[in-house]
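# Architecture and fold: a report
What follows is each chain in one-letter form.
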Amino acid sequence: MSKKVNKTAIGLFVLTGIVLLILSILVFGSGSLFKSTYKYVLYFDGSLKGLSVGAPVTFRGVKIGSVKHIGLVYNENAREIALPVIIEIEQRIKGAPSLGDPDSDKKMIALGLRARLEIQNLLAGQLMISFDFYPDKAPVFYGLKNDYPELPTVPVSQDFLELFNDLPIKDITMNLTDTLRGMNKIVNSSSLESGLKELNGALRELKDASHSVRMLTEYLEQHPEALLKGKTGKGE
């Protein structure tokens, strides 16, 4: 009877330990268990090439969230395909109206809070979403049905899109790779190694010659008559 009780106690102890371990990972590992996060939908004009799920959402360079989903929705009024971008952000602006409440969201929008696309990594062709205050930009809403409140965006200039889309990212990457390979060959080549050895030998000879010149100079300073008579030997 006692053996059964011991087995049960051990099982409960192990189970409790596993639960505590999982809770520790959630609380101390991710650090997001008790954080207040809110989801919003954004709509951007034009292409979203370079924007992907997981891309950072920042406010003046400080990360406040990430992209959770990019969808495709038919806009019947405009007769075009809209691209809703679902983002999840944290309330990190201290002293500002708290996000997540409709009235507070309106206050932040009235202050000029807008989202825009920015370059995250030029070589990789990646975009991110950046928030800032643009009080001079009137808020524009798509008004499409969605499960999340909409935040206005700042239209991206056509020049930016053309520049970003026309960048020869693949060619730049290939050229950079070829350059690094060439540098690696030069650094690891046998000719470079032999050249360094020859340079080291020449520097050593130059050092010896410099030492001899210094010794001669010191001797002439002590015996200036040697310039006229020459250095006499011991046997003379």
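Here the structure is shown first, and the text comes after it.
Residues numbered from 1 in each chain as written. Predicted model: local features only at pLDDT ≥ 70, side-chain atom pairs only at ≥ 80, totals over all residues. Heavy atoms only, no water.

### As for the pairing of strand β8 (residues 126-133)
Here β8 lies mainly inside the structure; six of its eight residues are buried. Pairing between strand β7 (residues 113-121) and β8: eight bridges, direction antiparallel. Counted as the bridge partner of L117 is I129 from β8. In textbook terms, the turn of a hairpin is the stretch between consecutive antiparallel strands, and for β7 and β8 this stretch comprises four residues, one of which, G125, has a positive phi near 70°. (Buried < 20%, exposed > 50% of the residue type's maximum accessible area, 1.4 Å probe, protein only. Helix = DSSP H or I, 4+ residues; strand = E, 2+ residues; numbered from the N terminus. Pairing = 2+ DSSP bridges.)

### Description of the pattern of salt bridges
Summed over all chains, the structure comprises two salt bridges. For D132, the salt bridge goes to R60, with nearest N and O atoms at 2.7 Å. Of the two residues, D132 is situated in strand β8 and R60 in the loop between β2 (56-59) and β3 (62-70); the sequence distance between them amounts to 72 residues. For D132, a relative accessible area of 19% puts it in the buried group. In this structure R60 comes out as exposed when scored by relative accessible area, which is 56%. Note that E88 is salt-bridged to K68, the shortest N-O span being 3.7 Å. In this pair, E88 is assigned in strand β6 (residues 84-90) and K68 in strand β3, connecting sequence segments 20 residues apart. Given the relative accessible area of 22%, E88 is considered partly exposed. (Salt bridge = Lys/Arg side-chain N within 4 Å of Asp/Glu carboxyl O.)

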